[in-house]
Amino acid sequence: AQTVTQSQPEMSVQEAETVTLSCTYDTSESDYYLFWYKQPPSRQMILVIRQEAYKQQNATENRFSVNFQKAAKSFSLKISDSQLGDAAMYFCAYRSYHGSSNTGKLIFGQGTTLQVKP
Amino acid sequence: NAGVTQTPKFQVLKTGQSMTLQCAQDMNHEYMSWYRQDPGMGLRLIHYSVGAGITDQGEVPNGYNVSRSTTEDFPLRLLSAAPSQTSVYFCASSLRQGHTEAFFGQGTRLTVV
């Protein structure tokens, strides 16, 4: 079975600075996708960024980028130029994508609460 | 385009009561899932469905039932509420393609007293 681990329950960053959130996962599969979701106090789940496992190039979305290390099974999220609106809980998630394993199920990490200080 | 509509947003139940959380999506997504979110545990899968008439158990299915009679609807039933079911519940839907994102409802905060 696949597992996802976020070892940082809480992180803080100064506004305009850069912060990195860690995520590791365990799987024996070769085809999968990884996601970072943001959950602000409104509870809404918002996709931040996604990474296909077969792609070596790290995904980027504006101020958000990932460091995907497939061999190490690591998938960290870097937020550059942090803004007050980035304050939220962030979840790392794994989705299988191979044959019968492709069911749309997401496996989530425990979450990291990010505080942004003005 | 409404996306995923989940109701109610808040609910208080007494131990032993039953209720149904509603979930509907208008994006013609094949896959739908129910998760519960508890502090320090992330979101855990309760039940999921890969299409109308097909459902299966996730990681924490005990005490919950689901059905999927149509592509659009995927209700979650609590058979006899227990305090351990106090949680925030999310419904999600997605397309079959693995790279596509899951869309979530706004969540239901359920308290069982």
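As the structure is a prediction and not an experimental result, all values here were calculated from the model.

Digging into the sheet that holds strand β1 (residues 4-7) of chain B
Residue and element names in this part refer to chain B. Taken together, four strands build an open sheet; the order of strands is β1-β3-β8-β7 and the sheet is antiparallel. Edge positions in the sheet fall to β1 and β7 (64-66), since each of these pairs with one other strand and no more. Averaged over neighbouring strand pairs, the angle between their axes works out to 15° when direction is ignored. Across four bridges, β1 lies against strand β3 (residues 19-25) in antiparallel orientation. Looking at the pairing, T7 lines up with Q22 of β3.

Some details on the side chain of A:Q6
Residues and elements named next belong to chain A. By the element assignment, Q6 lies in the loop between β1 (3-5) and β2 (10-14). For Q6, the side chain forms a polar contact with the main-chain nitrogen of G111, separated by 3.1 Å. In terms of polar contacts, Q6 uses its side chain to reach the side chain of T112, at 3.3 Å. Once residues lying within four places of it in the same chain are set aside, the contact partners of Q6 are S22, C23, W36, Y90, F91, C92, G109, Q110, G111 and T112.

Re the pairing of β3(B)
All names here are of chain B. Residue alternation in β3 divides its side chains into a buried set, M19, L21, C23 and Q25, and an unburied set, T20, Q22 and A24. Examined bridge by bridge, β3 and strand β8 (residues 76-78) share three bridges and lie antiparallel to one another. Its bridge partner lying in β8, T20 is registered against R77.

A few points about the packing of aromatic side chains
Counted by the stated rule, this structure contains 15 aromatic pairs over all chains. Measuring from ring centre to ring centre gives 5.4 Å for A:Y25 and A:Y32, while their planes differ by 65°; the resulting arrangement is edge-to-face. Since its relative accessible area comes to 3%, A:Y32 is described here as buried. Each member of the aromatic cluster is reached from another via a ring pair, and the members are A:F35, A:Y37, A:F91, A:F108, B:Y35, B:F90 and B:F104. Above the plane of the ring of B:F10 lies A:R43, whose end atom (NZ or CZ) is 5.3 Å from the centre.

Thoughts on the pattern of salt bridges
If charged atoms from side chains of opposite charge come close, those side chains can pair. Scanning all chains against the criterion turns up six salt bridges over all chains. Close ionic contact of A:K55 with A:E52 constitutes a salt bridge, the shortest N to O distance being 4.0 Å. For A:K55, a relative accessible area of 39% translates into the label partly exposed. Take A:E52: its relative accessible area is 12%, and that puts it in the buried class. Salt bridges linked by common partners bring B:R36, B:D38 and B:R44 together as one network.

Structural notes on the nonpolar core
With 25 residues, the main nonpolar core has A:Y25, A:W36, A:F75, A:L77 and A:Y90 as its most contacted residues. At the level of elements, β3 (19-21), β5 (32-39), β6 (46-52), β8 (64-69), β9 (74-79), β10 (88-96) and β12 (112-117) of chain A are the ones that each hand at least two residues to this core. At four residues, β10(A) tops the list of elements feeding residues into this core. In this view, A:F75 contacts A:C23, A:Y25, A:L34, A:F35, A:W36, A:Q51, A:V66, A:N67, A:F68 and A:C92; residues no more than four positions away in its chain are not counted. Within the second largest apolar cluster, 19 residues are counted, among which are B:L76, B:C91, B:L110 and B:V112.

A closer look at the side chain of B:Q6
Residue and element names in this part refer to chain B. Tracing the sequence through the fold places Q6 in strand β1. From its side chain, Q6 meets the backbone nitrogen of C91 in a polar contact 3.1 Å long. Discounting residues that sit within four places of it in the chain, Q6 has contacts with Q22, W34, Y89, F90, C91, G105, Q106, G107 and T108.

Reading the values: rules and limits
- Residues numbered from 1 in each chain as written.
- Chains lettered and ligands numbered in written order.
- Predicted model: local features only at pLDDT ≥ 70, side-chain atom pairs only at ≥ 80, totals over all residues.
- Heavy atoms only, no water.
- Pairing = 2+ DSSP bridges.
- Helix = DSSP H or I, 4+ residues; strand = E, 2+ residues; numbered from the N terminus.
- Axes fitted to C-alpha atoms, helices over the stretch in contact; angles between N-to-C directions.
- Polar contact = N/O pair within 3.5 Å; in protein donor to acceptor, adjacent residues only side chain to side chain.
- Contact = heavy atoms within 4.5 Å.
- Buried < 20%, exposed > 50% of the residue type's maximum accessible area, 1.4 Å probe, protein only.
- Phe/Tyr/Trp six-rings, centres within 6.5 Å; stacked < 30°, edge-to-face > 60°.
- Lys NZ or Arg CZ within 6 Å of the ring centre and 35° of its normal.
- Salt bridge = Lys/Arg side-chain N within 4 Å of Asp/Glu carboxyl O.
- Core = buried A, V, L, I, M, F, W, Y, C linked by side-chain atoms within 4.5 Å.

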